[in-house]
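# Structural overview
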Amino acid sequence: MTRTASTASPPAPATEPGRTGEQASRRAPDGRSWRNRPMRRVTPWLFLIAPIALLVTFTYVPVGNMIYYSFTDWDGVSPDRNFVGTENYTELFTRPELFRVFAVSLYYLAASVVQIAIALYFATVLSFDLRFRNLFKGILFFPYLINGVAIGFVFLYFFQDGGTLDSVLSWFGAGSDHAWLGSPESANTSLAGVSVWRFTGLNFVLFLGAIQSIPGELYEAAQLDGASRWQQFRHIIAPSIRPVLSLSAILAISGSLSVFEIPYIMTGGATGTSTFVIQTVKFAFQFNKTGLASACAVVLLVIILLITWIQRRLVPDEKVDLV
């Protein structure tokens, strides 16, 4: 009898615990894992070179130059920059009238509260299944896409004596030829109203995105329990979008302190509508005091950072888990 020799297959290579055969096969010939190759570790940093370079070039370098200029008497034109120490800051803090323009920011802060309320209302309503909701979303967001200079010129004709607003009011029997930009109170109120029209769309998009990220099962469970729209907003929507509300509050405060485009285009800071930024720009380009203007910019930056830090300490972010 002849005995046939059986050919045995070689044993399968042993894999490391917790590693599949496919993962084990993705090893370099020298035995090293593909994750340990030098290029694999360097590749993420290569992708970060461009954004970091842009961030440093257009953010941190200008801020550093601004801080340096605030300690000089540079006029913005001459190549000479004489170091004067804290003279610019001393002049700034010994002239209280330079900080009185922050009173104008209260108008824009009140307008920010109004625009947040309007944006939150429409974001909540349009998050439900309504007819033509996409059309209304576009209408609300469209003003934010328009250039600020164009908005300033449009509303400049809108508020002028005998302009568009007076013509519309005359249809309802109201008197015409109102000086909407003639007094500080009416001018600042009108300009703040323009900011509401322009920036409501930004807050609307932020709120709408946060609301749409809420799981739909929560709404279904609330409807089964007989919850009304208001109860759904109070117990589901409001707790879920709390981080976005905090972000909107920070943007509202910083934005009200650094208003520039609309009042500069419409009034140039006249009739008591000058803001701290407009005052800073005038120091730099009208009075050729770039050193003092840089000191004003540094102070404004510190104020915004301080208010943001206080706001984050008083209203810290909380992890919301409704599921």
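Before going into details, it helps to say that this report is about the structure given with it. The model shown is predicted, which means the values in this text are computed figures rather than measured ones. (Residues numbered from 1 in each chain as written. Predicted model: local features only at pLDDT ≥ 70, side-chain atom pairs only at ≥ 80, totals over all residues. Heavy atoms only, no water.)

Moving on, we come to the side chain of Ser190. Along the chain, Ser190 falls in helix 8 (residues 184-212). Setting aside chain neighbours within four positions, we find Ser190 in contact with Phe159, Trp180 and Leu181. (Helix = DSSP H or I, 4+ residues; strand = E, 2+ residues; numbered from the N terminus. Contact = heavy atoms within 4.5 Å.)

A separate point is the packing of helix 9 (residues 216-224) against helix 10 (residues 229-240). Running from N to C, helix 9 and helix 10 point in directions that differ by 135 degrees, and their axes come no closer than 11 Å. Our classification of the angle between helix 9 and helix 10 gives oblique. For the crossing formed where helix 9 meets helix 10, the hand is right-handed. Of the residues in helix 10, those touching helix 9 at Leu218, Tyr219, Ala222 and Gln223 are Arg229, Gln232, Ile236 and Ile237. Within the contact of helix 9 with helix 10, the residues separate by chemical class into five nonpolar, two polar and one charged. (Axes fitted to C-alpha atoms, helices over the stretch in contact; angles between N-to-C directions. Parallel < 35°, antiparallel > 145°, perpendicular 65-115°, else oblique. Left-handed = near helix turned anticlockwise from the far one by under 90°. Nonpolar A, V, L, I, M, F, W, Y, C, P; charged D, E, K, R; others polar.)

Counted under the stated rule, the structure contains three salt bridges. The partner of Glu91 in a salt bridge is Arg95, with the nearest N and O atoms 3.1 Å apart. Using a relative accessible area of 24% as the deciding quantity, one classes Glu91 as partly exposed. Among the salt bridges present, the one from Glu97 reaches Arg95, with a minimum N-O distance of 3.1 Å. What emerges from the salt-bridge pattern is a single network uniting Glu91, Arg95 and Glu97. (Salt bridge = Lys/Arg side-chain N within 4 Å of Asp/Glu carboxyl O. Buried < 20%, exposed > 50% of the residue type's maximum accessible area, 1.4 Å probe, protein only.)

Summed over the entire model, instances satisfying the criterion amount to 19 aromatic pairs. Arranged with centres 4.7 Å apart and planes meeting at 15 degrees, the rings of Phe102 and Phe276 form a pair that is stacked. Taken together, the residues Phe102 in helix 4 (residues 102-126) and Phe276 in helix 13 (residues 276-285) connect sequence positions 174 residues apart. Across this residue pair, the class does not change: Phe102 and Phe276 are buried. Here Phe260 and Tyr264 contribute two aromatic rings whose centre-to-centre distance is 4.9 Å and whose plane-to-plane angle is 25 degrees, an arrangement assigned as stacked. (Phe/Tyr/Trp six-rings, centres within 6.5 Å; stacked < 30°, edge-to-face > 60°.)

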